[in-house]
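Examining the three-dimensional arrangement
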Amino acid sequence: MATTGGSEEGKHLEKHGLKNLGAVHWNLSTSALYQEAISRCEGTITVGGALTVSTGVHTGRSPKDKFIVDSESVHDHIDWGPVNKPVKPQIFELIHERITAYLQGRDIFVQDCFAGADPDYRLNVRVITESAWANLFAQNMFIRPTEEQKRDFNPDFTILHVPGLLARGPQDSLNSETFIMVDFDKKMVLIGGTNYAGEIKKSIFGILNYLLPDSDVMPMHCSANVGDKGDAAIFFGLSGTGKTTLSADSKRTLIGDDEHGWSNSGIFNFEGGCYAKVIDLSATAEPEIYSTTQRFGTVLENVVFHPKTRELDLFDRSLTENTRACYPLDFIANASPNGVAGHPDNIVLLTADAFGVLPPISKLTPEQAMYHFLSGYTAKVAGTEKGLGNQPEATFSTCFGAPFMPRRPTVYGEMLRDRLAKHKGACWLVNTGWSGGSAGDGAERMKIAHTRAMLRAALDGSLSSVSMSNDNCFGLNIPEQCPEVPADILQPRKAWKNPKKYDVVASELCGRFSGNFEQFEKQVSKEVLAAGIHSS
């Protein structure tokens, strides 16, 4: 077995069951991973220097293929169901044995990294891949140890990423040929049958979401930034709601774009990079993110480019709506060097309302914040999951991250409630979805410039002092004015050409909220229930 990481490092792979390997490329630099990826025909260097790859049939997550090993140590702590599906330890062992056999004689790439900017809660992660580009993805997404830290690196969890190995579906007691499996006892993740690299980052997110509550740390599916005065803000939201776009503000320091923890000391990023959607990306509206698509070191997934000139076409959705850019956090000019900040002064709940009836911004009471956090209303955006159609679908995703939350929703909801009570942050519900009609009727999505203007006013405190009007349907407090935003946009009913149709659609959405929240009625206080949305 040849190794580019030193003669002693190869033997450390035996504890993962890996033997008789080909070349082992350990902690290669960005340039070296580029060279390996190009020589293996894994991708193409496009204009500006990004490594552009295609992930084939899997252009998004495969939630139906994600499993947790049902062992005695975790059985009573997992919220089992359609999201957190159990798999027997014997099945995990069977797939692991197949992986070790599959990798014999094959070259592999190993990347040692950290998850968690706060050393007190940091997870040591070893990512082992069969492709160079996926290893570069891991290097970009996680926090890079120093050379000294790498010398004594001992992984807390290990990922084996083998897209070329397919499962046997029902014969293996699995859903399909694809598998994403985590074993908390063996401290290992197995990924196969899919080239979509987002499964790597989300697997570690799920692990932290399970582990951190025991350390009194609230794990959050959110982006975060901080102002010059130390005023931190967090932005909850699912894919496509604007977490990455809205947190990349040239006037504020970026903490991170997707995954954070909230400890007794403040907030900290889980990652060392960003994984941004780039479909229809505008150099004018989103200059910070746009610039990363033209830069050496960025990995672009499923972005179409001209075969001769290698120029990118960020508006071409022929491969998927879910085109992505993966880049180190420091590619954003004003990114935080340490990934930490104090307790947030503002908590923003982002939703992409496909029906176009929620106000673009409203201020929430603590009880409303708890209600909307547990509800997690948004829209699934086309292409972010395999099998999703072209039209967005309204959905409720508890804690704005149900696909990644192994524990019961109230565990995370109660942690948010306690932190709001202790630290008194202002909470806002922001709709980055459609305005003046529903997505199905061809309405336009909210302008990014308007959303940014509303957020600036919220974060600098000026919105808290303006007059508010109460929405009769959803019970939300809506600012009557905001700099740089037309007044009729603030009131969604006025933005519709047919107000009576708005009333019908809004009433239907109220019913959806009410029906969804029935599952929590016995688990929350009467004050939270009273603050919720009810069928009209």
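Summary of the structure given here. What you see is a predicted model; the values in this text were computed from it and never measured. (Residues numbered from 1 in each chain as written. Predicted model: local features only at pLDDT ≥ 70, side-chain atom pairs only at ≥ 80, totals over all residues. Heavy atoms only, no water.)

**Regarding the overall build of the protein chain**
- On a plain count of helices and strands, the protein chain comes out with 14 helices and 30 strands.
- In terms of overall dimensions, the protein chain is globule-like: its C-alpha atoms have a radius of gyration of 23 Å, near the 24 Å expected for 536 residues.
- Principal-axis analysis of the C-alpha atoms places the extent of the protein chain at approximately 70 × 55 × 45 Å.
- A buried classification covers 61% of the 536 residues belonging to the protein chain.
- Considering only contacts in the protein chain between residues 6 or more positions apart, those separated by 24 or more positions represent 72%.
- Summed over all atoms, the accessible surface of the protein chain reaches about 21200 Å², with 48% contributed by carbon and sulfur.
- Computed over 52 positive and 63 negative side-chain charges, the separation of the two mean positions in the protein chain equals 2 Å. (Helix = DSSP H or I, 4+ residues; strand = E, 2+ residues; numbered from the N terminus. Rg over C-alpha atoms; globule rule 2.2 N^0.38 Å. Buried < 20%, exposed > 50% of the residue type's maximum accessible area, 1.4 Å probe, protein only. Contact = heavy atoms within 4.5 Å. Areas by Shrake-Rupley, 256 points an atom, 1.4 Å probe, with all protein chains shown as cover. Lys, Arg positive; Asp, Glu negative; His and termini not counted. Charge placed at Lys NZ, Arg CZ, Asp CG, Glu CD.)

**Overview of the side chain of Arg 126**
- Relative to the helices and strands, Arg 126 is located in strand β7 (residues 123-129).
- Residue classification places Arg 126 among the buried positions, given a relative accessible area of 2%.
- A polar contact of 2.7 Å, which involves the side chain of Arg 126, links it to the side chain of Asp 112.
- Sequence-distant contacts of Arg 126, that is, excluding residues within four places in its chain, are made with His 12, Lys 15, His 16, Trp 26, Val 110, Gln 111, Asp 112, Phe 153, Pro 155, Phe 157, Thr 158 and Ile 159. (Polar contact = N/O pair within 3.5 Å; in protein donor to acceptor, adjacent residues only side chain to side chain.)

**Let's talk about the packing of helix α8 (residues 366-375) against helix α13 (residues 499-517)**
- At a minimum axis distance of 10 Å, the contact between α8 and α13 shows a crossing angle of 85°. By the criterion of interaxial angle, the relationship of α8 to α13 is roughly perpendicular. Facing Tyr 371, His 372, Leu 374 and Ser 375 of α8, the residues of α13 in contact are Phe 513, Ser 514, Asn 516 and Phe 517. (Axes fitted to C-alpha atoms, helices over the stretch in contact; angles between N-to-C directions. Parallel < 35°, antiparallel > 145°, perpendicular 65-115°, else oblique.)

**Considering the pairing of strand β14 (residues 259-263)**
- Across the five residues of β14, five count as buried, placing the element largely inside the fold.
- Burial along β14 is two-sided: Glu 259, Gly 261 and Ser 263 facing one way and His 260 and Trp 262 facing the other are all buried.
- Two strands pair when backbone bridges link them, and strand β11 (residues 218-226) and β14 are joined in this way by four bridges, in the antiparallel orientation. Within β14, the residue paired with His 221 across the bridge is Glu 259.
- By the bridge criterion, four bridges tie β14 to strand β15 (residues 266-269) in an arrangement that is antiparallel. Paired with His 260 across the bridge in β15 is Asn 269.
- Between the end of β14 and the start of β15, which pair antiparallel, lie two residues. (Pairing = 2+ DSSP bridges.)

**Overview of helix α5 (residues 198-211)**
- Here α5 spans 20 Å end to end across 14 residues, near enough to the 20 Å set by a 1.5 Å rise per residue.
- By the criterion of burial, α5 is predominantly enclosed, with 13 of the 14 residues buried. (Expected span 1.5 Å × (residues − 1).)

**Digging into the packing of aromatic side chains**
- Taken as a whole, this structure holds 18 aromatic pairs when the rule is applied.
- Arranged with centres 5.8 Å apart and planes meeting at 15°, the rings of Tyr 121 and Phe 268 form a pair that is stacked. One end of the pair, Tyr 121, is in the loop between β6 (108-115) and β7; the other, Phe 268, is in strand β15, and 147 residues separate them in sequence.
- For Phe 268, a relative accessible area of 1% translates into the label buried.
- Here the aromatic rings of Phe 157 and Phe 184 are separated by 6.1 Å at their centres, their planes lie at 80°, and the arrangement is edge-to-face. With Phe 157 in strand β8 (residues 157-162) and Phe 184 in the loop between β9 (179-183) and β10 (188-192), the pair connects residues that are 27 residues apart, well separated along the chain.
- Under the relative-accessibility criterion, Phe 184 is labelled buried at 8%.
- What links up through ring pairs into an aromatic cluster is the set Tyr 371, Tyr 377, Phe 396, Phe 513, Phe 517 and Phe 520.
- Note that Arg 106 overlies the ring of Tyr 102, its terminal NZ or CZ placed 3.9 Å from the centroid. (Phe/Tyr/Trp six-rings, centres within 6.5 Å; stacked < 30°, edge-to-face > 60°. Lys NZ or Arg CZ within 6 Å of the ring centre and 35° of its normal.)

**Side note on the side chain of Thr 30**
- Positionally, Thr 30 belongs in helix α1 (residues 30-39).
- The exposure class assigned to Thr 30 is buried, which follows from its relative accessible area of 16%.
- Side chain to side chain, Thr 30 and Gln 139 meet in a polar contact 2.9 Å long.
- In contact with Thr 30, not counting residues within four places along its chain, are Leu 136, Gln 139, Arg 144, Phe 296 and Gly 297.

**Structural notes on the sheet that holds strand β3 (residues 51-53)**
- Strand order in the open sheet formed by five strands is β2-β3-β17-β20-β16, and the pairing between neighbours is mixed. Every other strand in the sheet has two partners, leaving β2 (44-45) and β16 (273-277) as the edge strands with one partner each.
- Here β2 pairs with β3 via two bridges, running antiparallel. Residue Ile 45 lies in a different strand from β3, and its bridge partner there is Leu 51.
- Contacts from helix α3 (residues 132-141) reach β3, β16, β17 (299-301) and β20 (324-328) within the one sheet, and its direction differs from that of β17 by about 115°.

**Some points on the pattern of salt bridges**
- Tallied over the full model, the rule gives 21 salt bridges.
- Notably, a salt bridge pairs Asp 107 with Arg 40, separated by 3.2 Å at the nearest N-O pair. Linking Asp 107 in the loop between α2 (89-102) and β6 with Arg 40 in the loop between α1 and β2, this pair joins segments that are 67 residues apart in sequence.
- Looking at Arg 40, the relative accessible area reads 30%, which means it is partly exposed.
- In this structure, the salt-bridge partner of Arg 126 is Asp 112, at a minimum N-O distance of 2.7 Å. Of the two residues, Arg 126 is situated in strand β7 and Asp 112 in strand β6; the sequence distance between them amounts to 14 residues. Just as Arg 126 is buried, Asp 112 falls in that class too.
- In the salt-bridge network here, residues are joined through shared partners; they are Lys 201, Lys 202, Lys 243, Asp 258, Glu 259 and Glu 271. (Salt bridge = Lys/Arg side-chain N within 4 Å of Asp/Glu carboxyl O.)

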